[in-house]
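# Tertiary structure, described
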Amino acid sequence: MNFDFLERVELAGLKSHWVDWSEERRALVGRLMLAGQGHLFSDWELRGASDGAKEALLLEVVGVDQHYPGGVCGYVENSRRLLEVARSGENPFEGCIPQQPNRVDVRALDGFYDRMEALGARQFAKLGVVMVAGGLGERLGFNGIKVDIPVESIGGTLYLKQYADAILAMEARMEVRRPMPFVIMVSADTDGATRASLEGNGYFGLRASQVHVLRQELVPAVADNAGRLALGDRYELLMKPHGHGDIHMLLHTSGLARRLADAGIEHLVFIQDTNGQVFNAVPAALGVAGDEGVDFMSLAVNRIPGEAGGGLATLVRGESALTLNVEYNQLDPLLRATVSPEGDVPNEEGFSIFPGNINVLVIGMGAYVRILEETRGIIAEFVNPKYADAERRVFKKPTRLETMMQDLPKLFTAEQRVGVAVFDRVWCFSANKNRVADAVAKQLAGGPAESAATAEADFYEAGRMRLRAAGMEVEDAAAVRVQGIEFVPGPRVLLRPSFAMRLSEVRERVQGGAMADEATLILDGPDIRLEQVELRGCSGLVISAVPGAVVTVRGRFENAGFERVLLSGAEMADASVPETVRMRGFRMVDRGAAVFRFDEPGSYVVTPECG
Ligand code: UGB
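Quantities reported herein were computed from a predicted structural model and do not represent experimental measurements. (Residues numbered from 1 in each chain as written. Predicted model: local features only at pLDDT ≥ 70, side-chain atom pairs only at ≥ 80, totals over all residues. Heavy atoms only, no water.)

### Considering the site of the ligand
In the region of the ligand, 23 residues are neighbours, and Gln 216, Gln 272, Asp 273, Glu 327 and Tyr 328 sit closest. Measuring from an oxygen atom of the ligand, one finds a backbone N or O atom of Gly 310 at 3.2 Å. Taking Tyr 328, its side chain carries an N or O atom lying 2.5 Å from an oxygen atom of the ligand. Burial of the ligand by the protein amounts to 89% of the accessible area it has alone, namely 700 Å². Tallied by class, residues from the shell around the ligand come to seven nonpolar, twelve polar and four charged. (Near = heavy atom within 4 Å. Polar contact = N/O pair within 3.5 Å; in protein donor to acceptor, adjacent residues only side chain to side chain. Areas by Shrake-Rupley, 256 points an atom, 1.4 Å probe, with all protein chains shown as cover. Nonpolar A, V, L, I, M, F, W, Y, C, P; charged D, E, K, R; others polar.)

So this is what it looks like as structure tokens:
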């Protein structure tokens, strides 16, 4: 390598360090100079001043060089190319007409649904679960990691436990049980706390060896169209998040995607960090993906106009057509320019024109591994600079490359097939993404609140849907408003994954019965049967039974159950009250629910008299 640049006067500081450095480090600096990054070193003091800070800068660069496929110079090259596309004002959707995607409608919990579930359940042994959990959750404003928030406040089930329980329940339903791989993407923001939660909770019953934690790293910010990396201060590279599409890169660079495929995994299901009822839909989604023979399937719901979720459309340009997510910031302009001059407005049913992406994806391993190898896992990166001038030469602030996990089909050829399965919204999707004030505003504007309280309420509602589908009469409680957020608080139904992983299991295990609006039912265990059980008023019934404890429950239960107690103003301001309670504005208190626990296999009958 030619190191003539060391003779340049402004690089005297850099030159003064040269003697100390390994060949490897000199080569890295040389490559950076060739890649137009001389400004990183042009302000350096002579050796002896700020050496620690300089070392930290270099280590940051080395980190990028190691983590990004193609190294730091590859990142600069990609930035230049994509910035040129952005500068030229090229619209990625130019000439595209969005059309309704081919979709399978699984909103009704009917015979078709059961068939898809049965098909999917046969695939459990060939499934891996991937959760992207690198987001800090700035919109939620929570101090911890989101997967450590309870999805419900009676049993306090953490999101992470809910997902682990679903994985264990799917394992228990395999013909030959094998550990289901669980891949978790973390970031510097969530890494330590996620590992602490897993370790502190004994991996929630999973084996440590089946859990694969992959860490996404930040990428450097770029200051201009020439791809010059931005400095935060003299010796600090400005770093920013690269997006949830990093999961593809990490599955490739870690070699995990290939290893899982070699071990017989045929599908991966990708989930987000806070969606308590997502596994309600997974068996049927797997069935639909197999039945349709698609390589990539997005789970969708009716989309509410203006909500912060993408729309799924088939984009037709000339002879070519591709089904893709159009992200929420791009949807309205695309609609205005094409099929809906009024933009993202409600259709006659009150929904957005295209089904809403909930970013739950079922991806077939064959095409996936091939594409990862071809692209080194860099999936459809994009850049979105905000310009300060009409010529698009100056950025308002440094930008960075980004990637989204749902963009994988952008790399598909005509051979790969993309599908969309539309589910009932509450059945499979209710996230906890917004702090209270923002949730109130979103709800007032007619959108989903996506707060802790609404996520909890929807979680119970998904349980009610399961009981109703099994033939139980379940009343809805009147809506309440807590901290300005409206939700329907009950009845509260928690059918743990151990009790039912499929709707057909709920149908088998629950016969008739009724539940009143403020009642609570919690069932945990595979061998519990309810026969004409009635829960009156605010009664609570909790049954937990190990496998082999065959419990038959009958009769009409009347007790004080669980009460939703609002937090006082003092408690809301009290930092010793957990943040996860304050974000709801209430706690659930046991006033005398009937609780039965069976820790030994055997045959048991539970009636109201047993209490
Ligand atoms: N995430 C990461 O793991 N790493 C990152 O760098 C960023 C995020 P957001 P977003 O649910 O309705 C998505 O921020 O990106 C994880 C889809 O793009 O909650 O605004 C993060 O931890 C959109 O099409 O969502 O929007 C979380 O688990 C729509 O489907 C997940 O990525 C929308 O979700 C999503 O991050 C939705």
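### Notes on the pattern of salt bridges
Here the structure, examined in full by the defined rule, presents 42 salt bridges. Across the salt bridge formed by Asp 273 and Lys 146, the nearest N and O atoms sit 3.1 Å from each other. Taken together, the positions of Asp 273 in the loop between β11 (267–271) and α10 (278–292) and Lys 146 in the loop between β3 (127–132) and α6 (159–172) put the pair 127 residues apart, joining distant regions of the chain. Summarising the burial analysis for this pair, Asp 273 and Lys 146 share the class buried. Across the pair Arg 177 and Glu 171 runs a salt bridge whose closest N-O atoms are separated by 3.2 Å. Glu 171 sits in the buried class, given a relative accessible area of 4%. Through salt bridges with shared partners, a single network forms among Asp 191, Arg 195, Arg 215 and Glu 217. (Salt bridge = Lys/Arg side-chain N within 4 Å of Asp/Glu carboxyl O. Helix = DSSP H or I, 4+ residues; strand = E, 2+ residues; numbered from the N terminus. Buried < 20%, exposed > 50% of the residue type's maximum accessible area, 1.4 Å probe, protein only.)

### Remarks on helix α4 (residues 71–87)
With 17 residues, α4 should reach 24 Å at 1.5 Å per residue; the first-to-last C-alpha distance of 24 Å fits that figure. If you check which residues of α4 are buried, you get Gly 71, Val 72, Cys 73, Gly 74, Tyr 75, Val 76, Asn 78, Ser 79, Leu 82, Leu 83 and Ala 86. Within two residues after α4, Gly 89 carries a phi angle of roughly 75°, on the positive side. (Expected span 1.5 Å × (residues − 1).)

### Some remarks on the packing of helix α2 (residues 23–34) against helix α3 (residues 51–67)
A pair of packed helices is characterised by two quantities: the angle between their axes and the separation of those axes. Between α2 and α3, the shortest axis-to-axis distance is 12 Å and the interhelical angle comes to 80°. It follows from the interaxial angle that α2 and α3 lie roughly perpendicular. Of the residues in α3, those touching α2 at Arg 25, Leu 28, Val 29, Arg 31 and Leu 32 are Glu 55, Leu 58, Leu 59, Val 61, Val 62 and Asp 65. (Axes fitted to C-alpha atoms, helices over the stretch in contact; angles between N-to-C directions. Parallel < 35°, antiparallel > 145°, perpendicular 65-115°, else oblique. Contact = heavy atoms within 4.5 Å.)

### Considering the domain arrangement of the protein chain
Split into domains, the protein chain comes out as domain 1 (100–221 + 239–312 + 323–378 + 412–433) and domain 2 (450–610). Inter-centroid distance (C-alpha atoms) of domain 1 to domain 2 is 26 Å. Contacts between the two partners involve 39 residues from domain 1, matched on the other side by 37 residues from domain 2. Between domain 1 and domain 2 the total buried area reaches about 3,100 Å² when both faces are included, carbon and sulfur atoms providing 58% of it. Together, Ser 153, Ile 154 and Arg 173 form the three largest contributors to the area buried by domain 1 at its contact with domain 2, with a combined 21%. At the junction of domain 1 and domain 2, the tally comes to four salt bridges. Here Arg 496 makes a salt bridge to Asp 165, at a shortest N to O gap of 2.6 Å. (Domains from an automatic or database assignment. Buried area = accessible area lost by both parts, 1.4 Å probe.)

### With respect to helix α5 (residues 111–121)
Spacing of three or four residues puts side chains on the same side of an α-helix, whose turn is 3.6 residues. The set of residues buried in α5 consists of Tyr 113, Met 116, Glu 117, Gly 120 and Ala 121. Angularly, the buried residues of α5 cover 130° about the axis, an arc narrow enough to put them on a single face. Tucked inside the fold, the buried residues of α5 contact α10, α13 (425–428) and α16 (503–509). (Arc of directions from axis to C-beta.)

### Structural notes on the packing of aromatic side chains
Scanning all chains against the criterion turns up 17 aromatic pairs. Each ring, one from Tyr 113 and one from Trp 427, has its centre 5.9 Å from the other, and the planes form 85°; the classification is edge-to-face. Remark: Trp 427 occurs in helix α13 and Tyr 113 occurs in helix α5; sequence separation between them is 314 residues. Across the pair, Trp 427 and Tyr 113 agree in class, each one buried. Seen from their ring centres, Tyr 163 and Phe 279 are 6.1 Å apart, and the 55° between their planes marks the pair as tilted. Here Tyr 163 is found in helix α6, whereas its partner Phe 279 is found in helix α10, with 116 residues between them in sequence. We note that Tyr 163, like Phe 279, is buried. These aromatic residues form a ring-pair network of at least three members: Phe 3, Phe 5, Trp 18, Trp 21, Phe 41, Trp 44 and Tyr 235. Sitting above the plane of the Trp 21 ring, Arg 25 keeps its charged end 5.8 Å from the centroid. (Phe/Tyr/Trp six-rings, centres within 6.5 Å; stacked < 30°, edge-to-face > 60°. Lys NZ or Arg CZ within 6 Å of the ring centre and 35° of its normal.)

### Focus: the layout of surface pockets
With a probe scaled to a water molecule rolled over the atoms, the places where space remains empty come into view. Here the second largest pocket is characterised by a volume of approximately 710 Å³. Lining the second largest pocket are 31 residues, with Lys 161, Arg 496, Ser 498, Asp 524 and Gly 525 positioned closest to its centre. Residue contributions to the lining of the second largest pocket peak at five residues, all from α6. Looking at side-chain class alone, the lining of the second largest pocket contains 16 nonpolar, six polar and nine charged residues. Both domains that furnish three or more residues to the lining of the second largest pocket are identified here as domain 1 (100–221 + 239–312 + 323–378 + 412–433) and domain 2 (450–610). (1 Å grid on protein atoms, 1.4 Å probe; cavity = no way out; pocket = protein on both sides within 12 Å on 5 of 7 lines; lining within 4 Å. Points joined across faces, edges and corners; volume = space filled by probe spheres on them.)

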